[in-house]
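Residues per chain are reported as follows:
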Amino acid sequence: MNLKIEIDAGSGFCFGVTTAIRKAEEELAAGKTLYCLGDIVHNGMEVERLHNHGLVTIDHEQLKQLHHAKVLLRAHGEPPSTYEIARQNDIEIIDATCPVVLALQRRIKKQYDNDPSAQIVIFGKNGHAEVLGLVGQTAQHAIVIEKFDDVKHLDFNRNIYLYSQTTKSLDEFHRIIDYIQSHIAPTATFRSFDTICRQVANRMPNIAEFAKHHDVILFVSGRKSSNGKVLFNECLTVNANSHQVESPEEIDFKWFDNAETVGICGATSTPKWLMEQCRDAILAH
């Protein structure tokens, strides 16, 4: 097979995920038992690799039972209640919350403290780890809107402060802003804060450009990844021959039958080594 394969240089772990994994590896290298609250990254293969090094994934119920241990908080961040449990149970926290998420948590908390009666609105995915951490800054009062149509249920006679989960689509966020601006009552205040991570937002145009230049696109990402869904759809929009896989085992080699070039790319939660494994599997076929 005389196939040219290119791995997208812009794909792979974002800064926040890289830091969380480095912190985990440092602790594990010292031979300590380390727990991680939730999957360290939305990628099953990377989670498994770190499990093999001794990282133990726990959920919030298990955290409540844990005492005198070390727990890593991943890049997505956590609500204040998690820190409170850790304090009560004498748990040492290794905080790998992404600085972009941390800054957003602080802004939301400050806004809520200044005006608790206002509607604090978060454009994000209900139940997503990052969103739970953000809603937790407002004593659970924040309103989460998942998609454009949800915006219609807001009370336009009351103040609205709009924020976004860091990995959401910029275009959809701007549609929501436009709708609120055109419906807000003259007596109410509306302010929006563009809190979308630029490292993620910039990947959209870059990955679209990358997808255009190849006959077939292999998008490597965990199916749980929010950011993976957004980026894969971007690839599909510009290149109908885009296929998502979680691992090399899912590759269907028929995809490359009439292709000369293949582009391999992925989400902010996709490790470089996994994209390389996919490349090697195609070349070995």
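Structural notes, computed from the coordinates. On a predicted model such as this, the values are computed, not experimentally measured, just so you know.

### Looking at the overall build of the protein
Across its full length, the protein holds 11 helices and 12 strands. A compact globule built from 285 residues should have a C-alpha radius of gyration of about 19 Å, and the protein, at 21 Å, falls within 12% of that. Projected onto the principal axes, the alpha-carbon positions of the protein cover approximately 65 × 50 × 25 Å. Burial analysis of the protein (285 residues in total) assigns 53% to the buried set. The long-range share in the protein, meaning contacts at least 24 apart out of those at least 6 apart in sequence, stands at 71%. Total accessible area computed for the protein in this model is approximately 13,600 Å², and 49% of it derives from carbon and sulfur atoms.

### Some remarks on the packing of helix α1 (residues 15–29) against helix α2 (residues 44–52)
Between α1 and α2, whose axes approach to 11 Å, the crossing angle comes to 20°. By the angle between their axes, α1 is roughly parallel relative to α2. α2 is crossed by α1, and the crossing has left-handed handedness. Between α1 and α2, the contacting residues are Ile 21, Glu 25 and Leu 28 on the first element and Glu 46, Arg 49 and Leu 50 on the second. Split into classes, the residues belonging to the contact of α1 with α2 amount to 3 nonpolar, no polar and 3 charged.

### Here's the deal with the pairing of strand β5 (residues 92–95)
With 4 bridges connecting them, strand β4 (residues 70–73) and β5 associate as parallel partners. Across the sheet, the residue bridging to Leu 73 is Asp 95, located in β5. Once you follow β4 into helix α4 (residues 80–88) and on to β5, the crossover reads as right-handed.

What counts, and at which threshold
- Residues numbered from 1 in each chain as written.
- Predicted model: local features only at pLDDT ≥ 70, side-chain atom pairs only at ≥ 80, totals over all residues.
- Heavy atoms only, no water.
- Helix = DSSP H or I, 4+ residues; strand = E, 2+ residues; numbered from the N terminus.
- Rg over C-alpha atoms; globule rule 2.2 N^0.38 Å.
- Buried < 20%, exposed > 50% of the residue type's maximum accessible area, 1.4 Å probe, protein only.
- Contact = heavy atoms within 4.5 Å.
- Areas by Shrake-Rupley, 256 points an atom, 1.4 Å probe, with all protein chains shown as cover.
- Axes fitted to C-alpha atoms, helices over the stretch in contact; angles between N-to-C directions.
- Parallel < 35°, antiparallel > 145°, perpendicular 65-115°, else oblique.
- Left-handed = near helix turned anticlockwise from the far one by under 90°.
- Nonpolar A, V, L, I, M, F, W, Y, C, P; charged D, E, K, R; others polar.
- Pairing = 2+ DSSP bridges.
- Right-handed = clockwise from strand over helix to strand, strands pointing away.

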